[in-house]
Amino acid sequence: MLRSLAVAVFLLCAGCATYRTPGAGASLEALGRPGAVEDAARRPSPQFPVGIAVVRIQAPRYSSYSAKAYGNGPFSVLAEGPATAALLREISGWPSVKSAAAFGIGLLPQRLSSLEDLRLAAAKAQIDVLLIYTVDTSLRTPDRAYDPGASVPLDAQGASFAVRASAIFSDVRTGFTYGTDEAVVSGEASDARNSREHLEARRLEVEQQAVEQLASNVGQTWAGIVQHYR
Amino acid sequence: MLARVCWLLLAFVLGDAARAAPAPFDLAGPTLNIVVRRGPTILPASEVPDLAEDDHLWIKAAFPASQSADYLMVAVFLRGSTNPPPESWFFSCETWRGDCAREGLTVTVPKGAQQALVFLAPSTSGDMHAIVKAVRGRPGAFVRATQDLNQAALDRSRLESYLAAIHALDGGDPARLKEVAPLLARSLAIKVDEKCLDKIPELQAACLTQAQDSLILNDGQSTSIAQALTGGPAADLVMAASVTPELGYGLYSPYIASVLDIVRILDSFGTAQFQYIPALASLKGDKLALMLNAVPSFYSPKSVMVVALPAVQKTRLPPLHAVDPTEIYCASRTDLVLPVEGAPLAFSTRYAHDITLTLAGKDGQTLRLPARPDAARGGYVVNTGRLQASSLGDSVHGSLEGWWGFEPYQGPGFQLRNAHASAWTLTAGDEDALIAGRQDTVHLRTDGATCVDSIMLRDPAGKELKAEWKPVKTDEVEVKLPLTDAHAGAMSLLISQYGAGQPQTVPIQVFSNVRRLESFAIHAGDAQGVLSGSRLDEVAGLTIGSAAFVPGALSTQGGKDQLVLSTADAQTAAIAPGAGATAVVSFKDGRTSKLAVTVEAPRPQLALIGKNVAPSQSSGDSNIRLVNQDQLPQDARLTFSVRAQIPAAFARDQAIEVATADGSFSTTLNLGNGGLRLENAKVAVATLDPAKAFGFSAFGPLRFRPVVDSVAGDWQALATLVRLPVLKDLQCPESPELACKLSGADLFLVDAIASDPQFTKAMRVSDGFPGTALPVPHPTEGRLYVKLRDDPSVVNIATLPVQSLPKPADDPGAKPDGAGESSSQAGAP
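Quick caveat: nothing in here was measured; it's all calculated off a predicted structure. (Residues numbered from 1 in each chain as written. Chains lettered and ligands numbered in written order. Predicted model: local features only at pLDDT ≥ 70, side-chain atom pairs only at ≥ 80, totals over all residues. Heavy atoms only, no water.)

Undergrad: A description of the overall build of chain B should follow, citing residues and the corresponding values.
TA: The helix and strand tally for chain B stands at 12 helices and 52 strands. Of all intrachain contacts in chain B linking residues separated by at least 6 positions in sequence, the fraction that spans at least 24 positions is 68%. In the form shown here, chain B has an accessible surface area of approximately 35,300 Å², with 51% of it arising from carbon and sulfur atoms. (Helix = DSSP H or I, 4+ residues; strand = E, 2+ residues; numbered from the N terminus. Contact = heavy atoms within 4.5 Å. Areas by Shrake-Rupley, 256 points an atom, 1.4 Å probe, with all protein chains shown as cover.)

Undergrad: With reference to specific residues and values, describe the environment of I59 of chain B.
TA: Residues and elements named next belong to chain B. Tracing the chain through its elements places I59 in strand β3 (residues 56–62). Since its relative accessible area comes to 1%, I59 is described here as buried. Spatially, the C-alpha atoms of I59 and I34 are 4.5 Å apart, while their sequence positions differ by 25 residues. Other than its neighbours up to four places away in sequence, I59 contacts L32, N33, I34, M73, A75, G104, L105, V118 and L309. (Buried < 20%, exposed > 50% of the residue type's maximum accessible area, 1.4 Å probe, protein only.)

Undergrad: Explain empty space enclosed by the protein residue by residue, including any values.
TA: All names here are of chain B. For the structure on display, the rule yields 5 cavities of 30 Å³ or more. Among the elements that make up the lining of the second largest cavity, the one with the highest residue count is strand β2 (residues 41–44) (3 residues). A breakdown of the residues in the lining of the second largest cavity according to their chemical character gives 7 nonpolar, 1 polar and 2 charged. (1 Å grid on protein atoms, 1.4 Å probe; cavity = no way out; pocket = protein on both sides within 12 Å on 5 of 7 lines; lining within 4 Å. Points joined across faces, edges and corners; volume = space filled by probe spheres on them. Nonpolar A, V, L, I, M, F, W, Y, C, P; charged D, E, K, R; others polar.)

Undergrad: Tell me about the pairing of strand β7 (residues 115–122) of chain B, residues and numbers included.
TA: All names here are of chain B. Taken across its 8 residues, β7 has 8 buried, putting it largely inside the fold. Bridge count between strand β4 (residues 71–78) and β7: 8 bridges; the pairing is antiparallel. Counted as the bridge partner of Y71 is P122 from β7. Inspection of the sheet shows β7 paired to strand β10 (residues 302–308) by 4 bridges, in the antiparallel sense. Within the sheet, the bridge partner assigned to L120 lies in β10 and is M305. (Pairing = 2+ DSSP bridges.)

Undergrad: Account for the layout of surface pockets, naming residues and giving values.
TA: Estimates place the volume of the largest pocket at around 1,400 Å³. Forming the boundary of the largest pocket are 48 residues, of which P46 and Q47 of chain A together with D354, I355 and A371 of chain B lie nearest the centre. Elements with a minimum of two residues in the lining of the largest pocket: α5 (196–229) of chain A together with α10 (345–348), β14 (352–360), β15 (366–374), β16 (379–382), β17 (395–404) and β18 (407–417) of chain B. The greatest single-element share of the lining of the largest pocket, amounting to 8 residues, is contributed by β15 of chain B. Classifying every residue of the lining of the largest pocket by side-chain character gives 21 nonpolar, 13 polar and 14 charged.

Undergrad: Any chance you could break down the sheet that holds strand β45 (residues 726–732) of chain B for me, citing the residues and the numbers?
TA: Residues and elements named next belong to chain B. If you walk across this open sheet you meet the 4 strands as β49-β46-β45-β52, and the pairing is mixed. At either end of the open sheet lies a strand with only one pairing partner, and these are β49 (773–776) and β52 (802–804). Across the sheet, the axes of successive neighbouring strands diverge by a mean angle of 30°, strand direction being ignored. As paired strands, β45 and strand β46 (residues 740–745) are joined by 5 bridges and run antiparallel to one another. In the sheet register, V726 faces β46, and the bridge partner there is A745. (Axes fitted to C-alpha atoms, helices over the stretch in contact; angles between N-to-C directions.)

Undergrad: Let's hear about helix α4 (residues 139–169) of chain B: which residues, and what values?
TA: Between its first and last C-alpha, α4 of chain B extends 45 Å over 31 residues, near the 45 Å set by a 1.5 Å rise per residue. Of all 31 residues in α4 of chain B, 26 are buried, a share of seventy percent or more. (Expected span 1.5 Å × (residues − 1).)

Undergrad: Any details on the nonpolar core? Residues and values, ideally.
TA: All names here are of chain B. In this structure, L184, L357, L359, Y380, L400 and L416 are the most contacted members of the largest nonpolar core, which totals 46 residues. Of the residues forming this core, the biggest block, 7 residues, is contributed by α4. The contact partners of L359, leaving out residues within four places of it in the chain, are Q365, T366, L367, L369, L387, L392, V396, H397, G398 and L416. (Core = buried A, V, L, I, M, F, W, Y, C linked by side-chain atoms within 4.5 Å.)

Undergrad: Describe the interface of chain A and chain B, with residues and values.
TA: Listed by partner, the interface residues are 21 residues for chain A and 20 residues for chain B. Between chain A and chain B the total buried area reaches about 1,800 Å² when both faces are included, carbon and sulfur atoms providing 48% of it. Our count for the contact surface shared by chain A and chain B stands at 2 salt bridges. With its nearest N and O atoms 3.8 Å apart, the salt bridge here joins R37 of chain B to E116 of chain A. (Buried area = accessible area lost by both parts, 1.4 Å probe. Salt bridge = Lys/Arg side-chain N within 4 Å of Asp/Glu carboxyl O.)

Right, dumping it as structure tokens:
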């Protein structure tokens, strides 16, 4: 009897097992980035060779199966991970770059309200340019799109990840935006042997591809920035 | 207050001369990381020349990882000398633990603040209370300390930039050092001993960096930034002190005087618990590295480091200006340098940042080219890479723009030209001036010669030789052509320009080297004449009778050489005009030729009869009595009379030219302009108003000469033009051992002042002294003896009523609180 009950509970749990989709990407506009008119009034302040810091921001209270972001407010900051490491590898080969580092969250306040919080923290670390990026990952099946933070049945068929990675170059001193970039990559998410670990690993893999594509794009943008401002 | 400060300072420098040279700031202290936020802009402190109310400051002290002593950091704002700051303006931070250790200290500049300081004190009981008590007890002294610290830090930044540049060049090309040193001196206002550049290359750099602290010249820009807090007089006195006999008659720079003043002020604060030591902020990347001149003590009294932050004041933009505003620069040069001067801090600090050369194109488009200061090149170096793709037209105006701290900065403007295909022509007379067999010189003219990169000479066989060239005007270059081994015939010059494609070709004709003598012309009585002909470069000499003439300057015009020959033999005076005389010309190859001499009428000559100087109405303001009749005050009027010698009577068109010895200032007096009036046919009276004729900057010996029919006579000495300073007040303390204070205007016109005519105890005034007060010896029998800058060979007399200089009995620095009375104060006579 007891054995039959255990089997029944196991089957029940297996049938309702789910994977929680990651939080959304941050709206770079929500950062308090100036509008076009205000941005025109700001000025570039390039200090070649520059120190660049890379910071990944996500939507407020972002969490995923494997990570949790820092800070309260209109965005949150995700500590260094494989995606950021990929960007740093790319940046180390860029021209006119004195140093490249991941953004240390130690100097950030708990309450994040705008881009200025990031700039001020970067200034304290003698950073000249911030490369701010965000990753927006959605999961969909042929008949449904899942919101960020939604529960997806592990046995969902035909699921795929769509990843949009976006980035801006921001001048730490003035807030001037040097340029923006983005990359979009998608990949199959599931098969008959779905598990949370498998889905998470697959999500990170697709996000990594998107960030690597983004890294290539921002590299070209950086070359243009150096040519224009140096 | 001023008198008190003056007395104190003079008492210090005169009474404590034995230790005049201050200890150098060569001990490395901790580093301060400071970030300032104003509105949307965030800058490191290294780019902030001054603070403003409501600025947000983040300060974090960085100590070595192995730091064992705990330091309390205290940020303090002051609000002037006479208004102690409230206790709420003291912000403390324990650098070794808690939030401060992790996040640093964030403060906002309070309303009404005028100065800012940071103290770094070894942690001990009552540390904060002791600092609050010291600052609130004597805020004026700390105001002075911030001013002196800021002044010294700014001065030192110039010295460090200079030394870094010299050391970078040491061991390299000696010619480069010779070229760069004057540019560094100009950019950074550093004194360069030109004799160093005559030494052997291995010794040049060492020589240029000797006596480092005294190399720093007074710089009005940093003084104006630093002195704003006290309104000027104190800084003036600091500089005045630097030219006292005890500080080496101006040998020491104002920097040393500032450092001495800092040490004196902070010495007076010694207590049983703390002693205060100055820390100079030196730029280290975006951080401020603190340099100490005293070893910190961790035994009582413990050492508190005092660091000055930029003053809270309205921004003063740098007085940067173009070295030559009329110069036209080539925008197409890849290494375009725009020479500027007048603001050394633009070169030695990062206060000027994000500077661009902003160009307005003919289509209204604006192009901003990044520009960076380079003291070794004497200006801003512009990256013109993006110009190639733009269409700005042939001529464009640009200006240096950017930011000075948080304030937008509009710098000097420049006229630039783009290289373009334009017609090049030989100047008139040069078309047929080229002779084969010698190096020859021609001038090329175009509508813009600023973009020339190189000039080559192509001979009839197509062989190309490099030609030496230099710009002589904005539209003209001088070219030396290597024709020594050339043959006569058609050749061409190939002119390459920056940014242009193919070089432009200018055809030239080189003539054969036929030697020919045309004439030798000389005025009767003259010792020199002019030989005309061709290939006169081969002339070795000329004789007329026993008078031997030697060659002087050779010029070529219209294909004809003209060679000046002169003699020391007075016999030529005996040759009468029109008399037939023959000259023998000898050539370098030993051959000789005979030539008829043309003797022209003698040049005009005048004899000076007498002169009179009429002083101006304001001449008494100077309080200086000139003792030499030959000295002519610049604001006086000179009347002098002359007698005609040759010709025997004055002609209607005769004039008298008056000029300075170097000819840089001159004027013509004649019957038409009223400068010359005839007494009779042989005697005339001339009147000269130097101020009107020459302006303020003319000085030194004046001379005159007659001019008739464009023929000028010999120069004769007339007077020595001197400009007088205004000596207003003389204040003296009771003690004859203390210096008096002499106030006035234009004191840079004084070379030296003494109490005796032999100048045994003299006070020499340094070059370019801009102050309004000088320390001088007590007068003897009411007299001071003055040598003027414009004529230091003459000792003049100044007579001023002596006023009493009150003794500052209530000076706060003279009697410090508690223990540790300053030896410099107590020892002052």
